[in-house]
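Spelled out, the chains give:
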Amino acid sequence: QVQLVESGGGLVQAGGSLRLSCAASLRTFSRHAMGWFRQAPGKEREFVAVIGWSGVNTYYADSVKGRFTISRDNAKNAVYLQMNSLEPEDTAVYYCAAHSLPTIYRTDAAVYDYWGQGTQVTVSS
């Protein structure tokens, strides 16, 4: 059974930083692109970032570009999201997800095969 488990969420003041982690019990982890999505109350789930199989190729939503960094460690079956200069608008439940499509830069949640349960990030002003 595949499981993705996020951790690292919490409450932080605007301008602060958080690092989210996602541990995957996915045998073919190194052959999956890994993405982060978020969902704020009353809003649709939105794409945040995605990283390719090797960790070299990354793609970000414009709203987080320059502030967030996605990375992965295939030896640990883990993906991370370093979030700096956080803003109240970043408040949301953050989810990690995996897909195995050839095109890495997929922002459509529907194409992702596996999802975690989410971790809450709250940024106070």
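Heads up: the structure comes first, above all this text.
This text gives an overview of the structure that appears in the document. All figures in this text were calculated on a predicted structure; none of them were measured in a lab. (Residues numbered from 1 in each chain as written. Predicted model: local features only at pLDDT ≥ 70, side-chain atom pairs only at ≥ 80, totals over all residues. Heavy atoms only, no water.)

Points about the packing of aromatic side chains
- By the definition in use, this model includes seven aromatic pairs.
- Three or more aromatic residues joined by ring pairs make a cluster, and in this case those are Phe37, Phe47, Tyr59, Tyr95, Tyr105, Tyr112 and Trp115.
- The ring of Tyr80 has Arg19 lying over it, and the distance from NZ or CZ to the ring centre is 4.1 Å.
- Lying over the aromatic face of Phe29, Arg72 brings its terminal NZ or CZ to 4.5 Å of the ring centre. (Phe/Tyr/Trp six-rings, centres within 6.5 Å; stacked < 30°, edge-to-face > 60°. Lys NZ or Arg CZ within 6 Å of the ring centre and 35° of its normal.)

Brief notes about unusual backbone geometry
- In this model, Asn77 sits at a positive phi of 50°, which is unusual for a non-glycine residue.
- For Ser85, which is not glycine, the phi dihedral falls at a positive 50°.
- Among the structural elements, Ser85 can be located in the loop between strand E8 (78-83) and strand E9 (92-99). (Helix = DSSP H or I, 4+ residues; strand = E, 2+ residues; numbered from the N terminus.)

A look at the sheet that holds strand E3 (residues 18-24)
- The four strands lie next to each other as E1-E3-E8-E7, forming an open sheet whose pairing is antiparallel. Each edge of the open sheet is held by one strand with a lone partner, namely strand E1 (4-7) and strand E7 (68-73). Shown here is a sheet whose adjacent strand axes are inclined to one another by a mean of 15°, direction ignored. (Pairing = 2+ DSSP bridges. Axes fitted to C-alpha atoms, helices over the stretch in contact; angles between N-to-C directions.)

Side note on the environment of Glu89
- As for its placement among the helices and strands, Glu89 is situated in the loop between E8 and E9.
- Distance in space between the C-alpha atoms of Glu89 and Ala14 is 9.5 Å, their sequence separation being 75 residues.

All quantities given are derived from atomic positions and should not be read as evidence of function.
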